[in-house]
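# What the coordinates show
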Amino acid sequence: VSTQSTWGLRKDFDRRISGMEMGSKFAYISKRKMGIVSKARKEKPKREEEEGFDSCEEVMEDAMDDFMGPMRKPAPMMAMPESSAMMPTSMAHPGYAPPPSYAPPPSYVPKPHSKEEEKKKNRDEVDTNVVSIKLGTLEHVGQLATGEPFFCAQCSAVLSNHSKSVIIKDEATKKSIWTCEFCNFKNELLIEEEEIPKADTITYLIEKVAHPVSDVVVKEKEATEDDISIVFCIDVSGSMDAAKFSKDGKPMKYVKNKNYPTRLEGVKVAIDNQIEQLTKTNPRRKIGFVTFENKVTLIGDGTQPPIVFEGTKLDASFFTLLEEAVNFSGTHMGKSIAETSPLLMEKLKAIRTGGSTALGPGLIVALAMAAQGKPGSRVIICTDGLANKGSGSVEGMSEKAAYSVKEFYTQAAEYAKQHGVLISLVTLVESECRLDMLSPVANLTGGDILRVDPMNLSADFTSFLAEKVIATNVEVKIKIHKGLNFRNEPEKNLGSDKTTLTREAGNATRDSIVTFEYCMKKPHELALIPDIDWEKLEKLPFQSQISYKTLDGKKCLKVITQLQDITHEKEEAKKGVDAKVLGAHAAISAAQMAEKGDYKTCLLYTSDAADERSSVDLGGRRIIEKQK
C-alpha cells in the first residue's frame, strides 16, 4: 500500500488562486425530496388542526407514501391482499426477518444476485456533491482585508462579497441588516460599507504587522527553504537484516550481495542518494540521523559523539523523553550539510542492526532534533515492524494500553504541528506496521504515509522532500447551508448545528488539499426549516475559513466563499463533473481506508479496482498494489 496523508494528494492537480473547487458545476438536490417536503409542509397545519397532533415524522411518512407510492413497500407486502396487511409495523421494514411460520408467496422469493449484480451492489455510486479546498492558496496573500472579519451571530459564517445581495437598509432604524445566506439569521451590520469584501477570497491579518505580509512571506520563504532540518529516524532492529532475492540486482554502495539486498541496505542507499543530491541543491540544510532498536542512538549531524538512550529511559513519558532529547539538539544538529556530508556518509556506513523496535522513543528524539529547525523541517521514519519496546509500544497491547499509546503518538503529532515539523512514515513491504496507531503523526502534521519496496525508496524520498511547507498550524473550518449535512464525517469534527466541519491540517504544502462530501438533510428535517423555499432556491453557499501561521509566525485567516448552482437532475450534475476533484476525493478516501487496514473496501471504492482487482492509480499516487 502506498498512501498519501489524508490531507491530500501531491501531484497533478491545478493550484488555482481561488482555492475551492466543486465536484460538479451543479449541486444535486433531489426533486423527490423537494416534493415530499413541499407536500408535508402543506399537510402539517391541516393535520394539526383536524387531528390534534404535530408530529412532523408522521406527516412526513404519509407524504412519502403519497409521493413515492407502493415503491416504498417491501415486495412481500405488495404481493399480499390488503386484508392480510395487519402484521406489526416492524415486519414491514425491509430488514425484518420473519419467523419460520411466515413465508412470502413463492413468486416473490428474492433471486440470487448474479456476479455483475453483486459487483454493482458493492460499489459506491459516484457522488458529485464533493468540494475540494486547495491549501496551496495560502502561499499567496491575495486580497487583503481592510478590517476584521464579521461573523454571523448564529452560525459563525463570515460576511463575504456574496452577502451584498442580502444586505438591506432598515429605513426606520437606519441600520444595515445582513441576512446570513447560510442560516437566514438577521445580523445588524456593524462595519463600514468599504469593509465589505470585494472578492471570493479574502485574507485577514489576525496579528497586524508593520510591513506588508507579502514581503515578509517572500523574504521568509527565501530564508527558510534552505535552512530546514531533516532527521532520518531509522529502524535498525534485527528484522531489517531480512534480504529479498533480486534477479536483476546491480552492484550498489552499501549492498554486500547484489542479488540479496537487505532492507537496511536499501534504506542506506536511498538516504545516501539524498545526502549527495541535497549537498548540491540545498547545501544550507541540516541533516541528522537517529537509529532505534533495543536502544535509541542520537547520531545527529555526525560532528559529536553519539548519545544513547536505553533501559528505563525508553519507558519514560512523552514530555520526559522530549525534555532530555532537546538538551542535545543544539550540539548535535548545528551544522549544515555542506560541512557534514562526508561525516554523515561515514556514520551511515557504520550503522548496524540490533534487537527490538523502540520506535516511539526514537520518534521523540528525532522530533526534538527537527523542532529546533525552521518551519518546514521534517522527520522521516523508516521502519519494517511493530513498535515493541519502550513508550509507544503496540505489540500485544490491551484495550486500555491502546488508549495511552494513541495518546502518546497524538502528543508527538501536536508538538510537531506547533513547531512546523512534518512527520512522514515509510514502512517496508512484506512487514507489519500498525498504521492505525501511527498514522496520526503523519495526518496531523501534513506528512506522508508510504509502504514501499526498500530498493525503490530514492524516488519517494526525492518526491516528498521536494515539497515545501507554506503555512503551519493550519485549521480548516467549512460552512455549508443549513439544509445540508456533511457525509462520512466523525461527530467530533462537527459543530452543534452540524453545518460546520473542522479539520486540523497541521502543516500545508503547495499541493495539500482538503475534500469533503455533502448531502441534503432528511425530508422531515427539511420540513422543519420554515424560512427557506426549497423549490425557489437556485444557489447554495460554501465557505472555508482557514486559520494558519505564515512562515514568520504571523497569524492569518483566509476566507473563501463560493456559490454553486442547484440542479434537480442527476444527469445534469454528472455532465458538469470535474473528474480531478472526484478523483482526488476518491483517492484520499481510499487512503484513509488503507491506513485502517480495510483494503477490500478500499478496492471497491473505485470501479476499476472492483472490476480488475488489481490496482488503483489516482492523481499520480498508487493507492493499492496487488501482490502477485
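Everything discussed here concerns the structure shown above.
This section reports on the structure supplied with the text. As the structure is a computational prediction, the values presented were derived from the model and not from experiment.

Moving on to the overall build of the chain. Helix and strand content of the chain: 18 helices and 23 strands. Relative to its full complement of 628 residues, the chain shows a buried share of 50%. Within the chain, residue pairs in contact and separated by at least 24 positions form 76% of the contacts whose partners lie at least 6 positions apart. As displayed, the chain has an accessible area near 30,200 Å², and 51% of this comes from carbon and sulfur atoms.

In this section: the environment of Leu540. Locating Leu540 in the fold gives a position in strand β20 (residues 539-549). With relative accessibility at 1%, the residue Leu540 sits in the buried group. Leu540 sits 23 residues away from Leu563 along the chain, and the two C-alpha atoms are 5.5 Å apart. Those residues in contact with Leu540 that lie beyond four places of it in its chain are Ala27, Ile29, His481, Leu484, Gln562, Leu563, Gln564 and Ile566.

Looking now at the sheet that holds strand β5 (residues 167-170). Read across the open sheet, the three strands follow the order β5-β6-β7; overall the sheet is antiparallel. Two strands close off the open sheet at either side, each with one partner strand: β5 and β7 (186-188). Taken over all neighbouring pairs, the strand axes of this sheet differ in orientation by 35 degrees on average, direction set aside. Bridge count for strand β6 (residues 175-179) against β7 is three bridges, and the pairing is antiparallel. Pairing of Thr179 across the sheet is with Lys186, part of β7.

For the coordinates displayed, the defined rule picks out 15 salt bridges. Note that Arg263 is salt-bridged to Asp384, the shortest N-O span being 2.6 Å. Remark: Asp384 occurs in the loop between β13 (378-383) and α11 (399-418) and Arg263 occurs in helix α6 (residues 263-281); sequence separation between them is 121 residues. On the accessibility criterion, Arg263 (15% relative accessible area) is buried. For Asp384, a relative accessible area of 3% gives the class buried.

We now examine helix α9 (residues 337-350). Given a rise of 1.5 Å per residue, 14 residues ought to cover 20 Å, and the 18 Å separating the end C-alpha atoms of α9 matches this to within 8%. Among all positions in α9, only Ile337, Thr340, Ser341, Leu344, Met345 and Leu348 are buried. Packed against the buried residues of α9 are α6, β10 (286-292) and β11 (296-300).

Strand pairing in a sheet takes place through backbone hydrogen bonds and is either antiparallel or parallel in direction. The four strands are arranged β1-β3-β19-β17 in an open sheet whose pairing can be described as antiparallel. Unpaired on one side and paired on the other, β1 (20-22) and β17 (484-487) mark the two borders of the sheet. Averaged over all neighbouring strand pairs, the angle between strand axes comes to 30 degrees, with direction disregarded. Where strand β3 (residues 130-134) and strand β19 (residues 513-520) come together, five bridges link them in antiparallel fashion. Opposite Val131, over in β19, you have Phe516 as the bridge partner.

Bringing the pairing of β11 into the picture now. Where burial is concerned, most of β11 is hidden: five out of the five residues are buried. Covered by surrounding structure in β11 are Val296, Leu298 and Gly300 together with Thr297 and Ile299, the residues of both alternating faces. Here β10 folds back onto β11 in antiparallel fashion, the turn holding three residues. Pairing analysis gives three bridges linking β11 to strand β12 (residues 307-309), with the strands arranged antiparallel.

Attention now goes to the packing of aromatic side chains. Applying the stated criterion across every chain, the model contains 10 aromatic pairs. Taken together, the aromatic side chains of Phe318, Phe319, Phe408, Tyr409 and Tyr415 make up a single cluster linked through ring pairs.

Our focus in this paragraph is the packing of helix α7 (residues 318-326) against α11. Two elements in contact, α7 and α11, have axes separated by 10 Å at closest approach and are oriented at 45 degrees. Relative to α11, the element α7 lies oblique. Taking contact as the criterion, the partners of Phe318, Phe319, Leu322 and Val326 in α7 are, on α11, Phe408, Gln411, Ala412 and Tyr415. By residue class, the composition of the contact of α7 with α11 is seven nonpolar, one polar and no charged.

What follows covers the packing of helix α10 (residues 359-370) against α11. Viewed as axis vectors pointing N to C, α10 and α11 meet at an angle of 10 degrees, and their least axial separation amounts to 11 Å. The angle between the axes of α10 and α11 places the two elements in the roughly parallel class. Between α10 and α11 lies a crossing whose hand is left-handed. Facing Leu359, Gly360, Leu363, Ile364 and Leu367 of α10, the residues of α11 in contact are Phe408, Tyr409, Ala412, Tyr415 and Ala416. Tallied by class, residues from the contact of α10 with α11 come to nine nonpolar, one polar and no charged.

A word on the environment of Ser176. Here Ser176 is to be found in strand β6. By relative accessible area, which is 21% here, Ser176 ends up partly exposed. For the pair formed by Ser176 and Lys186, sequence separation is 10 residues and the distance between their alpha carbons is 10.0 Å. Setting aside anything within four residues of it in sequence, one finds Ser176 in contact with Ile167, Ile168, Lys169, Asn187, Glu188 and Leu189.

Quick look at the nonpolar core now. Membership of the largest hydrophobic core comes to 44 residues, with the highest contact counts inside it found for Leu363, Val379 and Tyr409. For this core, the element with the highest residue contribution is α10, accounting for nine residues. Setting aside chain neighbours within four positions, we find Tyr409 in contact with Leu359, Gly360, Leu363, Ala387, Gly392, Met437, Leu438 and Val441. Judged by nonpolar contacts, the second largest core, of 35 residues, contains Ala27, Val476, Ile532 and Tyr548.

Only a minority of non-glycine residues have a phi that is not negative, and only a minority of peptide bonds are not trans. Located in the positive-phi region is Asn184, a residue other than glycine, with phi close to 70 degrees. With respect to the helices, strands and loops of the structure, Asn184 is situated in the loop between β6 and β7. Asn184 sits in the partly exposed class, given a relative accessible area of 25%. Backbone geometry places Asn488, a non-glycine residue, at a positive phi of 60 degrees. Along the chain, Asn488 falls in the loop between β17 and β18 (500-509).

Moving on to the environment of Phe318. Here Phe318 shows up in helix α7. Beyond its immediate sequence surroundings of up to four residues, Phe318 is in contact with Ile364, Phe408, Gln411, Ala412 and Tyr415.

As a further point, take α11. Between the first and last C-alpha of α11 there are 29 Å, a value that for 20 residues agrees with the 28 Å anticipated at 1.5 Å per step. Among the residues making up α11, those that are buried are Ala402, Val405, Phe408, Tyr409, Ala412, Ala413, Tyr415, Ala416 and Lys417. One or two steps after α11, the chain reaches Gly420, where phi turns positive at roughly 70 degrees.

Thresholds applied
- Residues numbered from 1 in each chain as written.
- Predicted model: local features only at pLDDT ≥ 70, side-chain atom pairs only at ≥ 80, totals over all residues.
- Heavy atoms only, no water.
- Helix = DSSP H or I, 4+ residues; strand = E, 2+ residues; numbered from the N terminus.
- Buried < 20%, exposed > 50% of the residue type's maximum accessible area, 1.4 Å probe, protein only.
- Contact = heavy atoms within 4.5 Å.
- Areas by Shrake-Rupley, 256 points an atom, 1.4 Å probe, with all protein chains shown as cover.
- Pairing = 2+ DSSP bridges.
- Axes fitted to C-alpha atoms, helices over the stretch in contact; angles between N-to-C directions.
- Salt bridge = Lys/Arg side-chain N within 4 Å of Asp/Glu carboxyl O.
- Expected span 1.5 Å × (residues − 1).
- Phe/Tyr/Trp six-rings, centres within 6.5 Å; stacked < 30°, edge-to-face > 60°.
- Parallel < 35°, antiparallel > 145°, perpendicular 65-115°, else oblique.
- Nonpolar A, V, L, I, M, F, W, Y, C, P; charged D, E, K, R; others polar.
- Left-handed = near helix turned anticlockwise from the far one by under 90°.
- Core = buried A, V, L, I, M, F, W, Y, C linked by side-chain atoms within 4.5 Å.

Any functional reading would require information that these geometric values do not contain.
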